[in-house]
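Listed here are the chains, written in short residue letters.
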Amino acid sequence: RDFSIQVSTERRSFMAGEPLELRCAIEAQNVPERFFSVSWVFSSSPVAVVGPSAVPILGPDYVAREAAGLMTVRKESSNVHLLKLQRLRPEDTGKYICRVTEREKTPTGDFIDRSKRSRNVQITVQPLKSNITVSLSANSSEVLEGDRIQLTCSVHSATGPLSIVWQWTDKQSVGPIQEVASLNRDGTVVHGHSYRERSVYGEIRVERVRADIFSLSLYNALPGDEGQYHCTATQWIQAGTETEPNWEKIGEQSATKTITVKTVESSFMVSASSRTPSITFGDSFDLLCLVKPRHNPRVPTSVTWRFMPAGARAEVEDQGEFKDLVTFTREGTLQWGEQLLGLGTRTTVDRSHSNTNFRLSVTRAGRREAGKYQCTAILWRRNYDNSWSRVANRTSNLLGISVLQPGKASWPFVKQNEYNY
């Protein structure tokens, strides 16, 4: 009535996350008629005991694991017992044995137990090694204020779920790192505190383009958006169940891209010109105001033509000041000012399609049109909440217009070139 036991497994080396199956076979005669109990032991710690009733009693370290559906202990047949561990962990590395005990009744009515144990089965579980690499690209490393910053984060060699964190810091990395947004494993996007309100207005957008490609878009770039952008990708493995997942991080890599935001203010220039600084009474003249850079609807300009009559003296009240003639508003409308040119004079204004050239045309000029002209421009920034901020203002050079009396070129209403700068 002797018996022997044998433990078998398909292999002894595993990667974390893989399943392990161990089978303990009892080799004996009339096994169904005998009373065997089987104990599984891992590195001297009890895993489970299965008695003749086939109801397993679990070791204290394995109760939660079995409840999570990550462990199975059962009697497959009268002589074969199975231990199955799902989603192996590196700490499962060690020696496994199967101990079998037979309880036999003697002729005197007493019970005796005979036990045997299998050979050690050494199991090795290697931790998962993440081989992911991350690269970060941009639509341009230098973006004009008001344009879009487009960053693309590509993750290579990823084999599991990924989460992405977008961060920003200044170019010198001396200030605090600010989280722009994060994309969780399930695709949920969470914006950082400093960017939350801006994202509500659609200025910040985070997307998963593909399983391994992610994008960050900042619309209507601000000067404060200049700096270093970091994309950090984290690879995960699920160690729990679908209903109660327990995620473990197995790898993390990041990449950085520096973005320069060229402010419109830095290239904001205004100049005025005229081909006819001296005209004859009743003739026409054009004044041109040139504004750079080109029009940007997010950073538009308002342009005003101003005028101070000839002979006005600063010491005389209300004479030594420029008065507004007409203003091109940032919305593209016209506003006529408090200063009007002489009766019988026709004044027209127009601008180029690119909103860079603003022309003031005067026909049938008289002595009241002689004087100093200049244009001023104000640069505005549309904020993400559609409010406006005044960024900068510029004033052009002065233009002096002399009006000569017909047939008396020597007696101009303004000395020729006196105000031509």
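That block above? That's the structure.
For every chain, the first residue of its written sequence is number 1, and the numbers climb from 1 along that sequence. Local features in this predicted model are restricted to residues whose pLDDT is 70 or higher, and side-chain atom pairs enter the listing and the counts only when it is 80 or higher, whereas totals over whole chains, interfaces and linings include all residues. Side-chain figures throughout are based on the complete set of non-hydrogen atoms in the structure, without hydrogens or water.

Let us look at the environment of Phe328. Along the chain, Phe328 falls in strand β26 (residues 323-328). Counting along the chain gives 205 residues from Phe328 to Ile123, while the straight-line C-alpha distance between them is 81 Å. Contacts between residues were defined by any pair of non-hydrogen atoms, one from each residue, lying within 4.5 Å. The residues touching Phe328, leaving out its near neighbours within four places in the chain, are Thr301, Ser302, Val303, Thr333, Leu334, Val349, Asp350, Arg351 and Phe358. Secondary structure follows DSSP: runs of H or I at least 4 residues long count as helices, runs of E at least 2 residues long count as strands, and numbering of each begins at the N terminus.

Turning our eyes to something else, we now look at the pattern of salt bridges. By definition here, a salt bridge exists when the distance from a side-chain nitrogen of Lys or Arg to a carboxyl oxygen of Asp or Glu is within 4 Å. Here the structure, examined in full by the defined rule, presents 19 salt bridges. Notably, a salt bridge pairs Asp212 with Arg210, separated by 3.5 Å at the nearest N-O pair. Look at Asp212 and you get partly exposed, because its relative accessible area is 27%. Residue Arg359 is joined to Asp350 by a salt bridge in which the shortest nitrogen-to-oxygen separation is 3.0 Å. Partly exposed residues are those whose accessible area sits between 20% and 50% of the maximum for their type, while under 20% is buried and over 50% is exposed, using a 1.4 Å probe and protein chains only. Look at Arg359 and you get partly exposed, because its relative accessible area is 34%.

This next bit is on empty space enclosed by the protein. The rule is simple: put a 1 Å grid over the protein atoms alone, call a set of points where a 1.4 Å probe fits but cannot get out a cavity, call an open set with protein on both sides within 12 Å along at least five of seven lines a pocket, and count a residue as lining if it has an atom within 4 Å of a point. Grid points are joined across faces, edges and corners, and a volume is the space filled by probe spheres set on the points. On inspection of all chains with the given rule, the structure shows 2 cavities of 30 Å³ or more. Put simply, the largest cavity is a space of about 70 Å³. In this structure, the largest cavity is lined by 13 residues; those nearest its centre are Asn220, Leu222, Arg298, Arg381 and Arg382. Ten residues, namely Ala, Val, Leu, Ile, Met, Phe, Trp, Tyr, Cys and Pro, are considered nonpolar, four, namely Asp, Glu, Lys and Arg, are considered charged, and the remaining ones, Gly among them, are considered polar. Of the residues belonging to the lining of the largest cavity, the class tally is 4 nonpolar, 3 polar and 6 charged. In this model, the second largest cavity occupies a volume close to 60 Å³. Lining the second largest cavity we find Val264, Phe268, Val291, Lys292, Pro293, Arg294, His295, Asn296, Val299, Thr301, Asn355 and Leu379. Residues that form the lining of the second largest cavity fall into these classes: 6 nonpolar, 4 polar and 2 charged.

Attention now moves to the nonpolar core. Only buried residues count toward a nonpolar core, which is a set of Ala, Val, Leu, Ile, Met, Phe, Trp, Tyr and Cys residues joined through side-chain atoms within 4.5 Å. Counting 31 residues, the largest nonpolar core has Phe285, Leu287, Cys289, Val291, Trp305, Leu360 and Tyr373 as its most contacted members. Going through the elements one at a time, β22 (269-273), β24 (285-292), β25 (301-309), β26, β29 (357-363), β30 (371-382), β31 (388-395) and β32 (399-405) are the ones with two or more residues in this core. Not counting residues within four places of it along the chain, the set of residues in contact with Leu360 comprises Phe285, Asp286, Leu287, Trp305, Leu325, Thr347, Thr348, Val349 and Tyr373. Core analysis: the second largest hydrophobic core is formed by 29 residues, Phe3, Phe42, Tyr62 and Val125 among them.

Before going further, it helps to examine the pairing of strand β15 (residues 162-169). Counting buried residues along β15, 6 of its 8 residues qualify, which places the element largely inside the surrounding structure. Here, a strand pair is defined by DSSP locating no fewer than two bridges between the strands. Strand direction decides the pairing type here: β15 and strand β20 (residues 227-238), joined by 8 bridges, are antiparallel. Among the inter-strand pairings, Leu162 is bridged to a residue of β20, identified as Gln235. Pairing between β15 and strand β16 (residues 178-183): 5 bridges, direction antiparallel. Bridging across to β16, Ile164 finds its partner in Leu183.

Examined against the element boundaries, Arg382 turns out to sit in strand β30. In this structure the C-alpha to C-alpha distance between Arg382 and Thr260, which are 122 residues apart in sequence, comes to 20 Å. Residues within four places of Arg382 in sequence aside, it is in contact with Arg298, Ser387 and Trp388.

This brings us to the sheet that holds β22. Sheet strands line up and pair through hydrogen bonds in the backbone, either parallel or antiparallel. With antiparallel pairing, the 4 strands of this open sheet are ordered in space as β22-β24-β29-β28. A strand with exactly one partner marks an edge of an open sheet, and here the two such strands are β22 and β28 (346-351). Neighbour-to-neighbour, the strand axes of this sheet turn through a mean angle of 15 degrees, independent of strand direction. Sheet topology places β24 next to β29; 6 bridges connect them, and they run antiparallel. The residue of β29 that forms the bridge with Leu287 is Leu360. Under this scheme, a helix contributes an axis fitted over its contacting stretch, all axes are lines through C-alpha atoms, and angles between N-to-C directions fall in the 0 to 180 degree range.

The next subject is the state of the cysteines. Cysteine sulfur atoms are paired as a disulfide whenever they come within 2.5 Å of each other. Under the counting rule described, the total for this entry stands at 3 disulfides. Two residues, Cys153 and Cys231, share a disulfide whose sulfurs are 1.9 Å apart. Disulfide Cys153-Cys231: torsion about the S-S bond near -80 degrees, hence left-handed. Of the two residues, Cys153 is situated in strand β14 (residues 149-156) and Cys231 in strand β20; the sequence distance between them amounts to 78 residues. Through a disulfide, Cys289 is tied to Cys375; the S-S separation comes to 2.1 Å. Here Cys289 and Cys375 share a disulfide; its torsion about the S-S bond, 75 degrees, makes the bridge right-handed. Of the two residues, Cys289 is situated in strand β24 and Cys375 in strand β30; the sequence distance between them amounts to 86 residues. According to the relative accessible area criterion, Cys375 is buried, its value standing at 0%.

These values are about where atoms sit, not about what they do.
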